[in-house]
Every structure is written in C-alpha cells, then in structure tokens.
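Below, each chain spelled out in residue letters.
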Amino acid sequence: MLKIEHIGIAVKDLNQSNALFAKLFGEAHYKIEAVESEGVKTSFFKVGQNKIELLEATNSNSPIAKFIEKKGEGIHHIAFDVADIHTEKERLKAEGFVVLNETPKKGADNKWVVFLHPKGTNGVLVELCQEIKD
Ligand code: ZN
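Let us look at the structure shown here. It should be emphasised that the depicted structure is a prediction, and the values quoted were computed from it without experimental measurement. (Residues numbered from 1 in each chain as written. Predicted model: local features only at pLDDT ≥ 70, side-chain atom pairs only at ≥ 80, totals over all residues. Heavy atoms only, no water.)

Only His6 (NE2), Glu53 (OE), His77 (NE2) and Glu127 (OE) from the protein coordinate the zinc ion, and they sit 2.1 to 2.2 Å from it. Relative to the metal, the four donor atoms surrounding the zinc ion lie at angles of 80 to 166°, and the coordination shape comes out irregular. Every donor residue of the zinc ion comes from the same chain, spaced as H-x46-E-x23-H-x49-E. Placement of His6 in strand β1 (residues 3–10) and of Glu53 in strand β4 (residues 50–57) is noted, with a sequence separation of 47 residues between them. (Donors = N, O, S within 2.8 Å, 3.2 Å for Na, K, Ca; no water. Tetrahedral: all angles 85-135°; square planar, octahedral: opposite > 155°, others 65-115°. Helix = DSSP H or I, 4+ residues; strand = E, 2+ residues; numbered from the N terminus.)

For β1 and strand β5 (residues 74–81), the ladder comprises seven bridges, and the chain directions are antiparallel. The residue bridging His6 from the neighbouring strand is Ala79, located in β5. Where β1 lies against β4, four bridges are found, and the strand directions are parallel. Residue pairing across strands places Gly8 opposite Glu53, the latter belonging to β4. (Pairing = 2+ DSSP bridges.)

In this section: the environment of Gly107. Position of Gly107 among the secondary structure elements: in strand β6 (residues 105–107). Each C-alpha atom of the pair Gly107 and Ile132 lies 9.7 Å from the other, and the pair is 25 residues apart in sequence. If we skip the residues at most four places from it in the chain, Gly107 touches Glu33, Val35 and Val113. (Contact = heavy atoms within 4.5 Å.)

Assignment of secondary structure puts Lys93 in helix α3 (residues 85–94). You can call Lys93 partly exposed: its relative accessible area is 31%. If sequence neighbours within four positions are ignored, Lys93 has contacts with Val99 and Glu102. (Buried < 20%, exposed > 50% of the residue type's maximum accessible area, 1.4 Å probe, protein only.)

Before going further, it helps to examine the pattern of salt bridges. Under the criterion given, the structure shown has eleven salt bridges. Salt-bridge contacts for Glu5 lead to Lys51; the nearest nitrogen and oxygen are separated by 2.8 Å. One end of the pair, Glu5, is in strand β1; the other, Lys51, is in strand β4, and 46 residues separate them in sequence. Between Lys89 and Glu102 there is a salt bridge, and its shortest N-O distance comes to 3.2 Å. Taken together, the positions of Lys89 in helix α3 and Glu102 in the loop between α3 and β6 put the pair 13 residues apart, joining distant regions of the chain. Classification of Glu102 by relative accessible area gives partly exposed; the value is 40%. A network of salt bridges, in which partner residues are shared, links Glu5, Lys31, Glu33, Lys51, Asp109 and Lys111. (Salt bridge = Lys/Arg side-chain N within 4 Å of Asp/Glu carboxyl O.)

Moving on: α3. For α3, the set of buried residues is Ile85, Glu88, Lys89 and Leu92. All buried residues of α3 fall inside an arc of 100° around its axis, so they share one side. For α3, the exposed residues set more than 90 degrees away from the buried face come down to Thr87 and Ala94. Next to the buried residues of α3 lie β7 (111–116) and β8 (125–131). The N-cap residue of α3 is Asp84: its side-chain oxygen and the backbone nitrogen of His86 are 2.9 Å apart. In the stretch just after α3, Gly96 is the one whose phi turns positive, near 100°. (Arc of directions from axis to C-beta. Polar contact = N/O pair within 3.5 Å; in protein donor to acceptor, adjacent residues only side chain to side chain.)

In structure tokens, the structure reads:
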C-alpha cells in the first residue's frame, strides 16, 4: 500500500457537518459528489496533504444509514492508495482477508475501490483505492 488516501466519516446531515468541519479545518470542502450505487452523498476536505471524506446516506438501505443506526456517527473507513488494485486485492486474499467486492467499483473522487470485511481487520473497514486513469 502506498499511503492513507483518506479517512471516511459517517454523518447524519452533510450540510451541517460541512459547516462544522470547515470550522475545524479552517477551510471549506472542495467537492461534493453523490455515489448513487452506494446510496451516499460525499464531501471532501483537504487537510494539508491528507483528505477527509464525509458520507451521508441518501436512502435507508445505504451502508451509511445502517452504520449510523448501529454505531452512530463517526469514523467509518480508512482508505489506502494502492498502485494496482487487482494485484493488491489478490495479495490480501492470499493473506486470508475477506474482500467485499471482487470487482472494483467506481467510488467517489475518481477511484476504483475494493472494500475488505471489517471482521478480518479488527473492526476497521478498509477501502483500497486506485485512481481511474483514462
Ligand atoms: Zn472512502
């Protein structure tokens, strides 16, 4: 893995949280993006060289709605940049990690993403991501 790409935080109200985190970081979010397939609306903040993603559910079946129902708002996942998402996915499977989606999905912020099951990672939902190049 190359670096932490971003940290994802589940929130109930994206507008309210955008205002709150803008105060915290001293800078507003730089983009808002909906990912229909995941039932989420996201916003991204830059903090120095790091990124924070806020996620709000857009429907009650969204994984974010279910997460908040169970655990409340808070850190939802840690995303890692990888050079080759297929190679990394196969390496992690061989190490015994459980992959949630075999085929990389289009995530927010122009990335291919693969998630690992948090049961195999001490409760941390891990997102692998690789920039989509066209
Ligand atoms: Zn993410």
